[in-house]
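The residues making up each chain are set out below.
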Amino acid sequence: MIDHPKLPRRLARIFTNNPLFFVTFCTHQRRDILATNSVNAAFIEFAIRAHAEHNVAVGRYVIMPDHSHLFVCGPDDFRLGDWIGMLKRHLTGAIRPIEASRPIWQRGFFDHLLRSEESYGQKWNYVRENPVRARLVARVEDWPFACEIVIIDRV
């Protein structure tokens, strides 16, 4: 195993302890298979367990038919890629009866580290409007697959 050096001091202001990530991951070929009660319930179950057992906080999230957005932060040793892989495997259990033989997930995910000057609230306001922009609902409040699991105190 390679022992990577610590971050240079000049980056400490950007890459703080317990950084907040904005994550997006998609279904294979952008198929509309995520916006279901069973996937939402599996997502909430996974996030609650991650917080209780591993101190990984999932804040706000939106599950769209073919992709999901979420905000997450973890402890200093948090490995985002491994965690997203576990989340996808867990959600597969809620999807698999419907999509038995086809690939479910697009490879990888998109992540963005929210820097100190970026606003969690502003980014959330944009993301939570996705169902309205996609004409799935008339009002944000009507989309059943969006919520906040753990309050992450970031301005």
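A. Expanded view of the layout of surface pockets. Put simply, the second largest pocket is a space of about 200 Å³. If you trace the second largest pocket, you find 13 residues lining it, with His-54, Val-56, Phe-78, Trp-83 and Met-86 closest to the centre. Breaking the lining of the second largest pocket down by element, the ones donating at least two residues are helix 1 (37-54) and helix 2 (80-95). Ranked by residues supplied to the lining of the second largest pocket, first place goes to helix 1 with five residues.

B. Up close: the packing of aromatic side chains. Under the counting rule described, the total for this entry stands at nine aromatic pairs. Residues Phe-21 and Phe-78 carry aromatic rings whose centres are separated by 6.4 Å and whose planes lie at 50° to one another, so their mutual orientation is tilted. Of the two residues, Phe-21 sits in strand 1 (residues 20-26) while Phe-78 sits in the loop between strand 3 (67-73) and helix 2, which places them 57 residues apart along the sequence. Both residues of the pair, Phe-21 and Phe-78, count as buried. Residues Phe-78 and Trp-83 carry aromatic rings whose centres are separated by 6.1 Å and whose planes lie at 65° to one another, so their mutual orientation is edge-to-face. Since its relative accessible area comes to 18%, Phe-78 is described here as buried. In this structure Trp-83 comes out as buried when scored by relative accessible area, which is 5%.

C. Structural detail: unusual backbone geometry. Positive phi values are uncommon outside glycine, yet Gln-29 reaches one of about 55°. Judged by relative accessible area, Gln-29 falls into the exposed class, the value being 62%. Not every positive phi belongs to a glycine, and Arg-30 is a case in point at roughly 50°. As for its placement among the helices and strands, Arg-30 is situated in the loop between strand 1 and helix 1. For Arg-30, a relative accessible area of 40% puts it in the partly exposed group.

Reading the values: rules and limits
Residues numbered from 1 in each chain as written. Predicted model: local features only at pLDDT ≥ 70, side-chain atom pairs only at ≥ 80, totals over all residues. Heavy atoms only, no water. 1 Å grid on protein atoms, 1.4 Å probe; cavity = no way out; pocket = protein on both sides within 12 Å on 5 of 7 lines; lining within 4 Å. Points joined across faces, edges and corners; volume = space filled by probe spheres on them. Helix = DSSP H or I, 4+ residues; strand = E, 2+ residues; numbered from the N terminus. Phe/Tyr/Trp six-rings, centres within 6.5 Å; stacked < 30°, edge-to-face > 60°. Buried < 20%, exposed > 50% of the residue type's maximum accessible area, 1.4 Å probe, protein only.

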